[in-house]
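# Fold and geometry: a report
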There are 2 protein chains.
Amino acid sequence: MVTIKDVAKLAGVSISTVSRVINNSKPVSPEVRKKVLKVIEETGYRPNDIARTLVTKKSYLIGVIVTNLANSYVAEMVRGIEEVGKMYNYDILLCSTYGDKSTELKYIQLLNRKQVEGIIFISDKLNEEVKEQVDAFKIPFLYLSRHSIEEKYPTVTIDNNLASYEMTQYLINLGHKKVAYLTDSEEPTNLEQLKINGYKKAIEENEIEKELIYYANGRKNEEGYAAAKEILKENEDVTAIFCSNDELAIGVINYLRDKDIKVPDEISVAGYGDLRMATIIRPQITTVKEPFYDMGAVAIRMIIKEIAGEKVKEKRVNLPFHIEKRDSCKKIK
Amino acid sequence: MVTIKDVAKLAGVSISTVSRVINNSKPVSPEVRKKVLKVIEETGYRPNDIARTLVTKKSYLIGVIVTNLANSYVAEMVRGIEEVGKMYNYDILLCSTYGDKSTELKYIQLLNRKQVEGIIFISDKLNEEVKEQVDAFKIPFLYLSRHSIEEKYPTVTIDNNLASYEMTQYLINLGHKKVAYLTDSEEPTNLEQLKINGYKKAIEENEIEKELIYYANGRKNEEGYAAAKEILKENEDVTAIFCSNDELAIGVINYLRDKDIKVPDEISVAGYGDLRMATIIRPQITTVKEPFYDMGAVAIRMIIKEIAGEKVKEKRVNLPFHIEKRDSCKKIK
DNA sequence: TTGAAAGCGTTACCAG
DNA sequence: CTGGTAACGCTTTCAA
C-alpha cells in the first residue's frame, strides 16, 4: 500500500505538504499542489482513515445495534440511519442482538473498542445493565423503539396516543359501534398502554357502550389469527377490529378469510405501522403509518448534532403520522 | 479515555507487559498478570482497536455494499453475513447504493480508506467500472446476486436451472398441461435465462405441446398483476403460472382474486425465492426456497477464509434449494 | 519474564 | 507557504 510518505517522496515535498493538499487544511502553492495531486493520481494513493482517526479522534463511525434486521421496520430505520449518516460522512457498524442481553452488552463493548462516536439502539426494550454500560461509555446514545418508551435517552417516535385515538375515531365515524382493540400482550408496554388509552378515549368520547380490548400472545400474524378466533367467539357482532400492529391485522384478516367472513364488508380491520406487506396483501390494510425510515433519518441527525457538540434541546422528537385509509375498513351499512 | 499507558503506570509495569496480558501473547508471571488485570478492572480500560489495527493491519472489518436493504432478501443475506462474521470477530460496515453506479464507486473507495479486509457486494448487476475499482483495491471480493451471474468473482447461489426445472416438473406432475412461465423482463439476465431453460427443459421432456413464456415489466407485484391480465387474455386455459419471483406471484394472485378466479382451484400459481410474504399471504405460496440467510453466511465464511490466506478452491458455491409445497398450487381435477 | 524503543500512517504544531 | 517532528495508542522486535 502506498502511504503519504511515498507520495511525499515521489513529489519531492514533505509529508506535511501532502497532508495539506489532501485535507485542504492550509494554503499550498498551485504548482506544488498540482505536483502532489499528480503523484496521488499516478500511485492511486488513498489516505488511511485508521491512522487519521488515531490522531484526530474522529472515527466517523456510528454503531447501530438492532434486535433483528428481519423485521422490515428495523431495516427501514437502518436505511434511514445509513442514508443520512452518509450525507455527514458517517458510516455505520451494524450489530444484531436477537434480543439477547449478553449479546447487547458484548456489542456495546465492541463498539466502544472500535471507537464509534455514537450508538443508536433499536429494540423493544432497554435493559438496566445495558443502560449502565452505555452510561459508562460516555458517547451519545439514542434509543429507537416501536414498543416502549424510555425517558432517559433521546428518541424519535410519533404521538402514539393520538394516532390510536384518531384511528379509533375514524372507525367510529365510519359507523362502527362495536370496535375492538387487539393489543399484543396481556402486559402492555408503556407505549402500548398509550395506544390503548387513545382507543379508550375515542370510545368514551363517542359514548360507545363499552370498550373491547383483546390480548394476543405476541405480535405475529399467527397470533393475530388465534386472537381473531377468540374475539369472534366472544363477540359475534364486532364490526371493526383495530390491531396494534399490521402483522396482527394480517393474521386477523387471514382468519376471517378462512371463516368466509368478508373484509371489509362484514368486518373492518385496521392495522398499525404500515409495513410493506400492508399494501401487498388484499385487501390492502388501513393502518397508521409510522415513518420508520424518517425515524432513522432524524435519529442519526440528532446524534450527529450531539457529537458535534450542539446541544440538542428536544430529547424526544415526535414525527407526524398518518392514517392510511385503504381497503380493509369501510362504512358500515 | 484511559490508555494502555495509564494502565501500565498504575500497575507499575511497562506497556509491553500490559499488552501481553490483554493479548495473552507472551508469558507473564501470575502476580503481574493479576495486578494488571486489577488495574484494568478498576479503570475500565478497553483497548483501542483503531490503534491496534494501525500496527497489526487487521481491521476485522468487512464492507457490505447492498442495493437496498428494503428488499427482504437483501436484509436476510446481510443477517447471515453479520451473524457469522461476528463469530469470527468480524464487523460489518454497511453501505446502500440504491443501484447508483457512482455511489457504488464512491463506497468502494470509502471502504478502501476505512481499511476493510474484504467486500461483499450484493446487487443485481456488476458494472465494469466497479470491477476495475475493486480489482485495483486488492482485497477479497465476493459477489452475491439473485439475478445475475458473474464468473469472475466468488459467489454463492443455488442451482437455478435445476430449481426451475424441478418446480415446472412438480407442476406438470400435478396434472397441469398449460404451464406458463412469467419472467421479469423481456431481456432476461443470464441467471434468469438459466431458469427459463430449466422451465423449457421440463416442458420438452414431458412433451407438453408448447411453452408459454411471458414477460413482466419488472419484479414487483404491480407488474405481476399487469402480466397476469396479459396472460389470461391470451391464454384462457392456462392452469398454472410459475413466476420468476414471489412478488410477481403475489401480483398474479391478486389479479386472479380480483377477477374471482380461485387460486389454486382454478389456477395454480408458483413463486420463486420464498420471501417472508410467501407464507403470510393467503393462499400461502408454493415456491422455490432460496436460502438467503445461508447464502450470506456461507459468503462471509468464504471471504474470511480468503482473508486468512487459505486458498478457496471453489469460487462458485451452490447451496441446496427446496421446493416449498404450499397452498397456491394443487392437483388439477 | 520483563522493559525499551521502533514503528504503524496520519495530523498538527512550531519554526522558518 | 513549507518542512520537521511530536504525538495518537498500540504491537512487536530486541536485549536484558
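Residues numbered from 1 in each chain as written. Chains lettered and ligands numbered in written order. Predicted model: local features only at pLDDT ≥ 70, side-chain atom pairs only at ≥ 80, totals over all residues. Heavy atoms only, no water.

Going by an unreviewed UniProt entry, chain A carries the name Catabolite control protein A and comes from Caldisalinibacter kiritimatiensis.

### Brief notes about the protein's contact with DNA strand C
Here is the rule: When we say a residue is near a molecule or strand, we mean one of its heavy atoms is within 4 Å of it. A 3.5 Å cut-off defines polar contacts: any pair of N or O atoms within that distance qualifies, except that in protein one atom must be a possible hydrogen donor and the other a possible acceptor, and neighbouring residues in sequence count only when both atoms are side-chain atoms. Helix numbers and strand numbers start at the N terminus; a helix is a DSSP run of H or I with at least 4 residues, a strand a run of E with at least 2. Amino acids are sorted into nonpolar (Ala, Val, Leu, Ile, Met, Phe, Trp, Tyr, Cys and Pro), charged (Asp, Glu, Lys and Arg) and polar (every other residue, Gly among them).
Taken together, the neighbourhood of DNA strand C is formed by 29 residues, with Ile4 and Arg52 of chain A together with Thr17, Arg20 and Pro27 of chain B sitting nearest. Considering DNA strand C, the proportion of its atoms within 4 Å of the protein that are sugar or phosphate atoms stands at 64%. One nitrogen or oxygen atom from the side chain of Ser16 of chain B is found 2.9 Å from a base nitrogen belonging to DNA strand C. Looking at the surface near DNA strand C, the elements that each hand over two or more residues are helix 2 (15-23) and helix 4 (49-56) of chain A together with helix 2 (15-23) and helix 4 (49-56) of chain B. Considering each element in turn, the surface near DNA strand C owes the most residues, six residues, to helix 2 of chain A. In the surface near DNA strand C, the residues fall into 14 nonpolar, ten polar and five charged.

### So, the interface of chain A and chain B
To keep it simple, the criterion reads: Contacts were defined at the residue level, with two residues in contact if any of their heavy atoms lie within 4.5 Å. Accessible area that two parts lose when put together, with a 1.4 Å probe and added across both, is what the buried area reports. Salt-bridge detection follows one rule: a side-chain nitrogen of Lys or Arg within 4 Å of a carboxyl oxygen of Asp or Glu.
Each side of the interface is counted separately: chain A has 49 residues, and chain B has 49 residues. Three residues stand out in chain A for area buried against chain B, namely Ile50, Arg113 and Arg282 of chain A, and they jointly supply 15% of the buried area on that side. Where chain A touches chain B, the interface holds eight salt bridges. With its nearest N and O atoms 2.9 Å apart, the salt bridge here joins Glu247 of chain B to Arg276 of chain A. Where chain A packs against chain B, one counts 23 residue pairs in polar contact (both at pLDDT 80 or more).

### Details of the pairing of strand 6 (residues 179-183) of chain B
Residues and elements named next belong to chain B. What counts is decided by this rule: For every residue, the accessible area obtained with a 1.4 Å probe (protein chains only) is divided by the maximum for its type, and the residue is called buried under 20%, exposed over 50%, and partly exposed between those limits. Strand pairing is defined by DSSP finding a minimum of two bridges between the two strands. Handedness of a crossover: with both strands directed away from the viewer, a clockwise path from the first strand across the helix to the second marks it as right-handed.
Counting buried residues along strand 6, five of its five residues qualify, which places the element largely inside the surrounding structure. Of the two faces of strand 6, the one lined by Val179, Tyr181 and Thr183 and the one lined by Ala180 and Leu182 are each fully buried. Pairing geometry for strand 6 and strand 7 (residues 212-215), over four bridges, is parallel. Paired with Tyr181 across the two strands is Ile213, which belongs to strand 7. Crossover strand 6 to strand 7 through helix 9 (residues 190-205) is right-handed.

### Looking at the nonpolar core
Stated formally: Nonpolar cores were defined as sets of buried Ala, Val, Leu, Ile, Met, Phe, Trp, Tyr and Cys residues, with membership established by side-chain atoms within 4.5 Å.
Judged by nonpolar contacts, the single largest core of 164 residues is most densely connected at Val78 of chain A together with Val78 of chain B. Residues contacting Val78 of chain B, with those up to four places away along its chain left out, are Leu69 and Leu94 of chain A together with Val64, Val66, Leu69, Ile92, Leu94 and Ile122 of chain B. Counting 37 residues, the second largest nonpolar core, distinct from the first, contains Ile119 and Tyr143 of chain A together with Tyr107 and Val134 of chain B.

### Things to note about the sheet that holds strand 6 (residues 179-183) of chain A
All names here are of chain A. Keep this limit in mind: Axes, fitted as lines to C-alpha atoms, cover a helix only where it is in contact. Angles between the N-to-C directions of the axes lie from 0 to 180 degrees.
Pairing in this open sheet of six strands is mixed, and the strands run 7-6-8-9-10-12 from one edge to the other. This sheet does not close on itself; its edge strands, each paired only once, are strand 7 (212-215) and strand 12 (322-324). Neighbour to neighbour, the strand axes of the sheet diverge by 20 degrees on average, direction disregarded. Sitting on the sheet, helix 9 (residues 190-205) is in contact with strand 6, strand 7 and strand 9 (268-273), with an inclination near 175 degrees to strand 6.

### Things to note about the packing of helix 5 (residues 72-87) of chain A against helix 13 (residues 292-307) of chain A
Residue and element names in this part refer to chain A. For clarity, the threshold we go by: Reported orientations rely on four angle classes, namely roughly parallel under 35 degrees, roughly antiparallel over 145, roughly perpendicular from 65 to 115, and oblique for the rest. If you view the pair so one helix is near and one far, a crossing is left-handed when the near helix is turned anticlockwise from the far one by less than a right angle, and right-handed when it is turned clockwise.
One way to put it is that helix 5 packs onto helix 13 with a least axis distance of 7 Å and a crossing angle of 40 degrees. With respect to their mutual orientation, helix 5 and helix 13 come out oblique. As helix 5 packs across helix 13, the resulting crossing turns out to be right-handed. Here Tyr73, Glu76, Met77, Arg79, Gly80, Ile81, Glu83, Val84, Gly85 and Met87 of helix 5 come into contact with helix 13, specifically with Phe292, Tyr293, Met295, Gly296, Ala297, Ile300, Arg301 and Ile304. Partitioned by chemical class, the residues of the contact of helix 5 with helix 13 number eleven nonpolar, three polar and four charged.

### Re the environment of Tyr107 of chain B
Considering the arrangement of structural elements, one finds Tyr107 of chain B in helix 6 (residues 101-113). Residue Tyr107 of chain B is classed as buried on the basis of its relative accessible area of 6%. Sequence separation between Tyr107 of chain B and Thr67 of chain B is 40 residues, and the spatial gap between their C-alpha atoms is 12 Å. When neighbours within four sequence positions are excluded, Tyr107 of chain B is seen to be in contact with Lys86 of chain A together with Ile65, Cys95, Ser96 and Thr97 of chain B.

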